[in-house]
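# Topology and contacts: notes
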Amino acid sequence: MTKRRGEPARPGLLRRTGEWCARHWLAVIVLWLLALVGVLVANQQVGGSYSDDFSLPDTQSGRGLNVLKAHDPAAGGTSSQVVLHAGQPLTAYETQIGQTVSNLQGLPHVISVQNPVPPGAQPPPGPTTGPLSTDGRTAYITVRFDSNPTSLGTGYLHQVDGATADLRGAGVQVEYGGALGELARPVADDRSSEAIGFAVAIVVLLIGFGSVIAAGMPLVTALISVIAGVSCLGLLAAAFTFASVSPTLATMIGLGVGIDYALFLLTRHRQNVMDGVDPVLSAGQAATTSGRAVLVSGCTVIIALTGLSVSGISFISKLGVAAAVTVVTAVLGALTLVPAMLGLVGRRIDRYHLRTPVAETPQNATGEATGGWHRYAQRVERRPWWFVSGGLAVIAILAIPLFSIQLGHIGDGADPTSFTDRRAFDLMSAAFGPGSNGPLTVVVDQSAVPSGDRAALSGNLTKALTGVPHLSSFTPVQTTSDGDVLISTVFSTNSPQDKATTDLVNNLKDHVLPGAVAGTAASGYVTGVTAAQVDFLDIVARRLPLIIAVVVGLAFLIILVVFRGLLVAVKAAVLNLLSIAASYGVVVAAFQWGWLGPALGVNGKVPIESYVPMMMFAIVFGLSMDYEVFLLSRVHEFWELTGDSKAAVAHALEITARVITCAALIMVSVFAAFIVSDNIVVKMLGLGLAVSVLIDATVVRLLLVPAVLTLLGARAWWTPRWLDRILPHINAEGSPEAEPAQASSSAR
């Protein structure tokens, strides 16, 4: 319908939604609480569990496993070790070990069980890789399952405990390695991390705003949104397999953005109320201004997270989806629940305070901006090159460790000694060498080789495996019952997480095995858990540049479409890349170099988990858009109003610096609180995300961005005409429609 001349513009959807929620605050809050209870109950009743079970069928290890399953099902599946240790030779416990093997064999999903101490067994005379140590006091039972035990739940673990009870009763130490060890890890309890993050957030908000209600509201709304989001994720987990770290990651991201989004709306609303605007109208105005920035930022975060699907690895793609779920609920909470809470408190938002509540833009009696941020903005405007040089120097120093980054898989040896898989790792390493914790299975499919040539092929394989660098030993080459497949178990000289083991796997599949089967129709494969982890690492390393290109490209387009400035978009992409590089450097120094290992509760130096950089990149690039959009929207708004580009930068910095600083400190505290987790990947993500946000909100957003925009001047907002015509028009922070300052309303 065409608007008549002189007819007032119809308020936008966000404004109408904000005003309606503020006016009908009771209904909105009740609906949110009912929805929250509903998804909580549904998740309890039909919600799924989380598992790290994932497959790579199109890789070398995946094809090798399929060959094993086809020709020798007992050798396929997922293997785990039940490690035994006693103060005397285990041959004294033959009866109990035999009974335990029989019990394990009777469990569901078990394909085969290897008895390390059969009747009459004696410790080997020399060094061995198992299953019985030279002193006879350590052994391991190899159990093969038709599916990954981590997907079978804790109830299955109780059955395994029952099967090994006789050995424990006889005084034998029993520990679980591999997938069984992962299943036996304590269930992650993130309540302490959440409590720490909330406590710091309360302190920051009270100091930053001085208002008790203003400090509590973002926390309450964010908590409700996150609980709802994690419950929805649990319902999704009933239909899809999500990694065990998924709920922790979703909680971490949801709390961070949820508090930030609520804070952005609350800050605008408080200033409006201080200026005399009716609370209901103010809530609608905040929803159509800061709320629009929240919507753009939230969509950017979601796009960045779903961009992980470009990796082609469902494990990583689903981690992105898990985090995106709580971002969606955080956006919905900010646009509906926050306005409802604002309507509930009305003008009483600053009634309870610890000091005089601080306005968004402190002013003197003549209306001029005052305060430290105003003086800081003036200094940036006078000496932009100093700030650019200082910011780049800080980032360059922090990014130095990045050039030595080593991607890999964090092994059980880095876990706390309270974990059974860590104790199993230590027992295996001491008795059989560190490579025993990650055996490799060499598979040669000779089904297409004439029977007369197979004996020579077996000899060639034995010869090829002899003297390979980083290979400590290998079992004699055996043939499956149908004679079509050759099998040998290979052990590295190093632990599974060591770079030497990765080099060994790549050498075996790229050079050793192709050389052994050269001139024949046979195919060679390296399979097993460790080989699959190396294949996973290779895929991630190959596709990380693609992920970076996609996410950076999408962020560039969003900034370009929203702010119509080509150089602004280029600046955003480049500076975000620099801040992420600096955060990568800190993570490498902390974990890989071991600078913070003991302080973080990590045993020794560990590689950077292969998918952490990819996850960090998508998350940080998305989260950085919160502050980018929030700051640029104010710069753009003032520039369009005055045409003074330098004054616009100073003005935006004055009114956003305090909010960005408070929001960043809160998000940093939320992320950093997860460093206390026992999960090393969670520690790594927590530290990496905390450092990223800190760098982005200080060095980049409060130092480099205003300095670069000052140097660019009006050129920052230039866009070629032909490009401007084809780009859609999106207003990131809509202009509030004029309203009477004291319009009547049902608000308090």
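In this text, all values refer to a predicted model and were calculated from it rather than measured experimentally.

## A few points about the overall build of the protein chain
- The number of helices and strands found in the protein chain is 25 helices and eleven strands.
- Rg of the C-alpha trace for the protein chain: 30 Å, near the compact-globule value of 27 Å for 748 residues, within the 12% margin.
- The dimensions of the protein chain, computed from C-alpha atoms along their principal axes, are 95 × 50 × 50 Å.
- Of the roughly 29,600 Å² of accessible surface on the protein chain, a fraction of 61% belongs to carbon and sulfur atoms.
- One finds the centroid of the 46 positive side-chain charges in the protein chain at a distance of 12 Å from the centroid of its 49 negative side-chain charges.

## Some points on the sheet that holds strand β4 (residues 173-177)
- Read from one edge of the open sheet, four strands run β2-β3-β1-β4, paired in antiparallel fashion. At either margin of the open sheet sits one strand with a lone partner, and together these are β2 (110-114) and β4. With direction set aside, neighbouring strand axes in the sheet form an average angle of 20 degrees.
- Pairing of strand β1 (residues 78-85) with strand β3 (residues 138-145), which is carried by eight bridges, proceeds in the antiparallel orientation. In the sheet register, His85 faces β3, and the bridge partner there is Thr138.
- Most of the contacts of helix α4 (residues 94-105) go to β2, to which it runs at about 165 degrees, and overall it touches β1, β2 and β3.
- Sheet strands touched by helix α16 (residues 420-432): β1, β3 and β4. Its angle to β4, the strand with the most contacts, is close to 100 degrees.

## With respect to α4
- Its twelve residues give α4 an end-to-end C-alpha distance of 16 Å, which sits within 8% of 16 Å, the value for a rise of 1.5 Å per residue.
- All of the buried residues in α4 are Ile97, Thr100, Val101 and Leu104. The buried side chains of α4 occupy one side of the element, clustering within an arc of 100 degrees when seen end-on.
- On its buried face, α4 is in contact with β1, β2, β3, α5 (154-163) and α6 (165-169).

## Some thoughts on the pairing of β3
- For β3, the buried fraction is high: eight of the eight residues fall into the buried class.
- Burial along β3 is two-sided: Thr138, Tyr140, Thr142 and Arg144 facing one way and Ala139, Ile141, Val143 and Phe145 facing the other are all buried.
- Pairing of β2 with β3, which is carried by four bridges, proceeds in the antiparallel orientation. Within the sheet, the bridge partner assigned to Ser112 lies in β3 and is Arg144.

## Points about helix α10 (residues 246-274)
- End to end, α10 covers 42 Å across 29 residues, agreeing with the expected 42 Å (1.5 Å per residue, within 8%).
- Looking one or two residues past α10, Gly276 carries a phi angle of roughly 95 degrees, positive in sign.

## A few points about the packing of aromatic side chains
- Counted by the stated rule, this structure contains nine aromatic pairs.
- Judged by centre distance (5.9 Å) and plane angle (85 degrees), the ring pair of Phe315 and Phe536 falls under edge-to-face. With Phe315 in helix α13 (residues 314-345) and Phe536 in helix α19 (residues 529-563), this pair connects stretches of sequence that are 221 residues apart.
- Judged by relative accessible area, which is 5%, Phe536 ranks as buried.
- Clustering of aromatic rings is evident, with ring pairs tying together Phe315, Phe536 and Tyr611.
- One cation-aromatic arrangement involves Arg383 over Trp386; the distance from NZ or CZ to the ring centre is 5.0 Å.

## Here we look at the side chain of Ser225
- For Ser225, the location among the structural elements is in helix α9 (residues 212-237).
- Exposure remark for Ser225: the relative accessible area of 2% places this residue in the buried category.
- With residues up to four places along the chain from it excluded, the contact list for Ser225 reads Trp32, Thr329, Ala330 and Gly333.

## Regarding the confidence of the model for the protein chain
- Averaged over every residue, the pLDDT of the protein chain is 84; residues scoring 70 or more account for 91%.
- Across residues 1-9 the pLDDT falls below 50, and counting only partners more than four positions away or on other chains, this stretch makes two contacts in the model.
- Overall, residues 736-748 carries pLDDT values under 50, and its contacts beyond four positions in sequence, including any with other chains, amount to 34 contacts.

## Topic: the side chain of Asp696
- Positionally, Asp696 belongs in helix α24 (residues 680-712).
- Those residues in contact with Asp696, other than ones at most four positions away along the chain, are Asn576, Ser579, Ser624, Tyr627 and Arg701.

## Quick word on a positive patch on the surface
- A surface patch of positive charge is lined by Arg375, Arg379, Arg382 and Arg383.
- In this fold, Arg379 is placed in helix α14 (residues 372-382).

## As for a nonpolar patch on the surface
- Side chains of Leu26, Val30, Leu31 and Leu34 sit close together on the surface and give an oily, nonpolar patch of about 390 Å² of accessible area.
- Its location among the elements puts Val30 in helix α2 (residues 25-46).
- Taking the relative accessible area as the measure of exposure, Val30 reaches 37% and is therefore partly exposed.

## Here we look at the environment of Ser404
- By the element assignment, Ser404 lies in the loop between α15 (384-399) and β5 (407-408).
- Sequence spacing of Ser404 and Ala589 is 185 residues, and the spatial spacing of their C-alpha atoms is 9.5 Å.
- When near neighbours in sequence (up to four residues on either side) are disregarded, Ser404 contacts Val588, Gln592 and Trp593.
- In terms of polar contacts, Ser404 uses its side chain to reach the side chain of Trp593, at 3.1 Å.

## Considerations on the environment of Ile666
- In this structure, Ile666 sits in helix α23 (residues 645-673).
- Judged by its relative accessible area of 0%, Ile666 is buried.
- With residues near it in sequence (within four places) discarded, Ile666 still touches Ala201, Val204, Leu205, Ile259 and Leu263.

## A short note on the nonpolar core
- Formed by 164 residues in total, the largest nonpolar core has its most connected members in Ile253, Ile316, Phe591, Tyr611, Met615, Tyr627 and Phe671.
- Among the elements that take part in this core, α24 stands out by supplying 20 residues, more than any other.
- Apart from residues no more than four positions distant in its own chain, Tyr611 is found in contact with Val245, Phe315, Ile316, Leu319, Phe536 and Val681.
- Core analysis: the second largest hydrophobic core is formed by 27 residues, Val110, Leu132, Tyr156 and Ala163 among them.

## Points about unusual backbone geometry
- Phi at His470 is positive, roughly 70 degrees, even though this residue is not glycine.
- With a phi angle near 55 degrees, Arg564 is a residue other than glycine that sits in the positive phi range.
- Structurally, Arg564 can be placed in the loop between α19 and α20 (566-592).
- For Arg564, a relative accessible area of 12% gives the class buried.

## Observations concerning the pattern of salt bridges
- Enumeration over the complete set of coordinates arrives at ten salt bridges.
- Close ionic contact of Asp724 with Arg564 constitutes a salt bridge, the shortest N to O distance being 3.0 Å. Separated by 160 residues along the polypeptide, Asp724 in helix α25 (residues 721-726) and Arg564 in the loop between α19 and α20 bring together distant segments of the chain.
- Its relative accessible area of 27% is what places Asp724 among the partly exposed residues.
- Three or more residues joined by partner-sharing salt bridges are found here, namely Lys509, Asp535 and Asp538.

Each value, and the rule that gives it
Residues numbered from 1 in each chain as written. Predicted model: local features only at pLDDT ≥ 70, side-chain atom pairs only at ≥ 80, totals over all residues. Heavy atoms only, no water. Helix = DSSP H or I, 4+ residues; strand = E, 2+ residues; numbered from the N terminus. Rg over C-alpha atoms; globule rule 2.2 N^0.38 Å. Areas by Shrake-Rupley, 256 points an atom, 1.4 Å probe, with all protein chains shown as cover. Lys, Arg positive; Asp, Glu negative; His and termini not counted. Charge placed at Lys NZ, Arg CZ, Asp CG, Glu CD. Pairing = 2+ DSSP bridges. Axes fitted to C-alpha atoms, helices over the stretch in contact; angles between N-to-C directions. Contact = heavy atoms within 4.5 Å. Expected span 1.5 Å × (residues − 1). Buried < 20%, exposed > 50% of the residue type's maximum accessible area, 1.4 Å probe, protein only. Arc of directions from axis to C-beta. Phe/Tyr/Trp six-rings, centres within 6.5 Å; stacked < 30°, edge-to-face > 60°. Lys NZ or Arg CZ within 6 Å of the ring centre and 35° of its normal. pLDDT = per-residue confidence, 0-100. Patch = residues over 30% accessible without salt bridge, like charges linked within 9 Å, V, L, I, M, F, W, Y side chains within 5 Å. Salt bridge = Lys/Arg side-chain N within 4 Å of Asp/Glu carboxyl O. Polar contact = N/O pair within 3.5 Å; in protein donor to acceptor, adjacent residues only side chain to side chain. Core = buried A, V, L, I, M, F, W, Y, C linked by side-chain atoms within 4.5 Å.

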